[in-house]
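Observations on the model geometry
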Amino acid sequence: PDSKAVAHRPFRHADHEREWTRAEFKEWAERVAQEHGYWISELGGVGYLPELEANGPCTQLCIFERKEEDENAELPSATSTSSSSSFAEQ
């Protein structure tokens, strides 16, 4: 994420360390996974409010799994799963 743009965005709560859009979170997760030899097995969220479900989850989550040392092929990214596609589009 663009740190200057994120720095100027007000947080909803004072104790939040960061607040990213789903696209910013996905971009960060993919970059970190690539840099550290992981692949993303799940990218999604938890905490849907019934009356605001269309807004997406309250909390974003990412599950990273370590790539094997001899693994040269690209593993599926988070965008290839159906649950993460709807998450990233919201």
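In what follows, the accompanying structure is described. In this numbering scheme, every chain counts its residues from 1 along its sequence in written order. The predicted nature of this model means local features are confined to residues of pLDDT at least 70 and side-chain atom pairs, given and counted, to a pLDDT of 80 or more, with totals for whole chains, interfaces and linings taken over all residues. Excluded from the side-chain calculation are hydrogens and water; included are all heavy atoms of the structure.

Remarks on the overall build of the protein
- Here a strand is any run of E in DSSP of at least two residues, a helix any run of H or I of at least four, and the numbering for each starts at the N terminus. Broken down by element type, the protein carries 3 helices and 2 strands.
- Each helix (α) and strand (β) of the protein, taken in turn from the N terminus, gives the series α-α-β-β-α.
- Working definition: with a 1.4 Å probe on protein chains only, accessible area under 20% of the residue-type maximum means buried, over 50% means exposed, and in between means partly exposed. Buried positions account for 22% of the 90 residues belonging to the protein.
- Taking all contacts inside the protein whose residues are at least 6 apart in sequence as the whole, residues at least 24 apart take part in 51%.
- Surface exposure of the protein reaches about 6,500 Å², of which carbon and sulfur atoms provide 51%. Whether two residues are in contact is decided by their heavy atoms, any of which lying within 4.5 Å being enough. Residue burial considers only the protein chains on display, and all accessible areas are found by Shrake-Rupley using a 1.4 Å probe.

Things to note about the pattern of salt bridges
- Just to be clear on terms, a salt bridge is a Lys or Arg side-chain nitrogen sitting within 4 Å of an Asp or Glu carboxyl oxygen. Overall, the coordinates contain 2 salt bridges when judged by the stated rule.
- Here Glu35 and Arg31 are joined by a salt bridge, their closest N and O atoms 3.3 Å apart. Taken together, the residues span about one helical turn, with Glu35 and Arg31 both in helix H2 (residues 22–36) at a distance of 4 residues.
- Residue Arg31 is classed as partly exposed on the basis of its relative accessible area of 40%.

Considering the environment of Glu69
- Along the chain, the position of Glu69 falls in the loop between strand E2 (59–66) and helix H3 (82–89).
- As for Glu69 and Gly37, which are separated by 32 residues in sequence, their C-alpha atoms are 8.7 Å apart.

Some details on the nonpolar core
- Among the nonpolar cores identified, the biggest contains 7 residues, and these are Trp20, Phe25, Ala29, Ala33, Ile40, Leu43 and Cys62.
- Contributing elements (two or more residues each) for this core: H2 and strand E1 (38–46).
- Examining the composition of this core, we find that 3 residues originate from one element, H2, more than from any other. As used here, the term nonpolar core means buried Ala, Val, Leu, Ile, Met, Phe, Trp, Tyr and Cys residues forming a set that is joined through side-chain atoms within 4.5 Å.

A look at the packing of aromatic side chains
- Any two rings among Phe, Tyr and Trp, with Trp reduced to its six-membered ring, count as a pair given centres within 6.5 Å; such a pair is stacked if its planes are under 30 degrees apart, edge-to-face if over 60, and tilted if neither. Counted under the stated rule, the structure contains 5 aromatic pairs.
- Aromatic side chains Trp20 and Phe25 sit 6.3 Å apart centroid to centroid with 45 degrees between the ring planes, which places their arrangement in the tilted category. One exposure class covers both Trp20 and Phe25, and it is buried.
- On the basis of an interplanar angle of 50 degrees and a centroid distance of 5.4 Å, the ring pair of Trp20 and Trp28 is categorised as tilted.

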